[in-house]
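# Analysis of the macromolecular model
Read off the chains here:
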Amino acid sequence: MISTISKAEFRDAMARVCAPVNIITTDGPAGRGGFTATAMCSVSDEPPTLLVCMNNKSQQASLFMQNRRFCVNVLTHEHMHLAGKFAGGAQDMDERYAAAEWTSMASGMPGLSDAIVNFDCEMETVHMVGTHNVMIGRVLCARVRTDGRALLYMDRSYVHLPPPSLGSFGG
């Protein structure tokens, strides 16, 4: 029989996986919310869809489920302070939002004005897997910034990658 990995072993292994840092926002009849997440990835390009994982125990889980829309804001290195606020460094939602400039996306979701990418999404389905809601979002539109470098997270800290070099690979 194959032994199963412990929660601590799994978390330590996942910490070694480099991921972009995102702020997931929502607004609507249930109110405005937002949280920091690295658990985001594309699902399909036909139709354009992505997924975001959110802890079901979060006080904001019902807010996202009721609003049924969200925006994935991919952060740059300049947004480290904002990532901390939306990760719980600021409990008050108004304080979180006051720390940056926001624009209204096509669906009305708050989009971080200087995010490297904004994905404006309509929630298609939600699957409960273990402790998390896996929210599948149909991408309605995307705004892309042509400069800046994505903020990455690995080994439980932010990672700074050097700018890409010109010339051949490995040379």
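Below or above, wherever it landed, is the structure these notes cover. (Residues numbered from 1 in each chain as written. Predicted model: local features only at pLDDT ≥ 70, side-chain atom pairs only at ≥ 80, totals over all residues. Heavy atoms only, no water.)

### So, the layout of surface pockets
Quantified by volume, the largest pocket comes out at close to 1500 Å³. What lines the largest pocket is a set of 40 residues, and nearest its centre among them are R11, T36, T38, A39 and H132. Ranked by the residues each element gives to the lining of the largest pocket, the list is headed by helix α1 (residues 7-15), at five residues. A breakdown of the residues in the lining of the largest pocket according to their chemical character gives 22 nonpolar, twelve polar and six charged. (1 Å grid on protein atoms, 1.4 Å probe; cavity = no way out; pocket = protein on both sides within 12 Å on 5 of 7 lines; lining within 4 Å. Points joined across faces, edges and corners; volume = space filled by probe spheres on them. Helix = DSSP H or I, 4+ residues; strand = E, 2+ residues; numbered from the N terminus. Nonpolar A, V, L, I, M, F, W, Y, C, P; charged D, E, K, R; others polar.)

### What about the sheet that holds strand β6 (residues 69-74)?
With antiparallel pairing, seven strands are arranged side by side in an open sheet as β3-β2-β6-β9-β10-β5-β4. Strand pairing shows two members of the sheet lacking a second neighbour, β3 (33-37) and β4 (40-45), which therefore form its edges. Across the sheet, the mean angle from the axis of one strand to that of its neighbour is 30 degrees, orientation sign disregarded. Strands β2 (22-26) and β3 of the sheet are contacted by helix α3 (residues 80-89), whose axis makes an angle of about 115 degrees with β3. (Pairing = 2+ DSSP bridges. Axes fitted to C-alpha atoms, helices over the stretch in contact; angles between N-to-C directions. Contact = heavy atoms within 4.5 Å.)

### Digging into the nonpolar core
In terms of nonpolar packing, the biggest core is built from 18 residues, with V52 and F70 touching the most fellow members. Residues in contact with F70, not counting those within four places in the same chain, are I24, T25, L50, V52, F64, M109, F119, D120, C121, M123, M135 and G137. Among the nonpolar cores identified, the runner-up in size contains twelve residues, and A83, Y97, L112 and A115 belong to it. (Core = buried A, V, L, I, M, F, W, Y, C linked by side-chain atoms within 4.5 Å. Buried < 20%, exposed > 50% of the residue type's maximum accessible area, 1.4 Å probe, protein only.)

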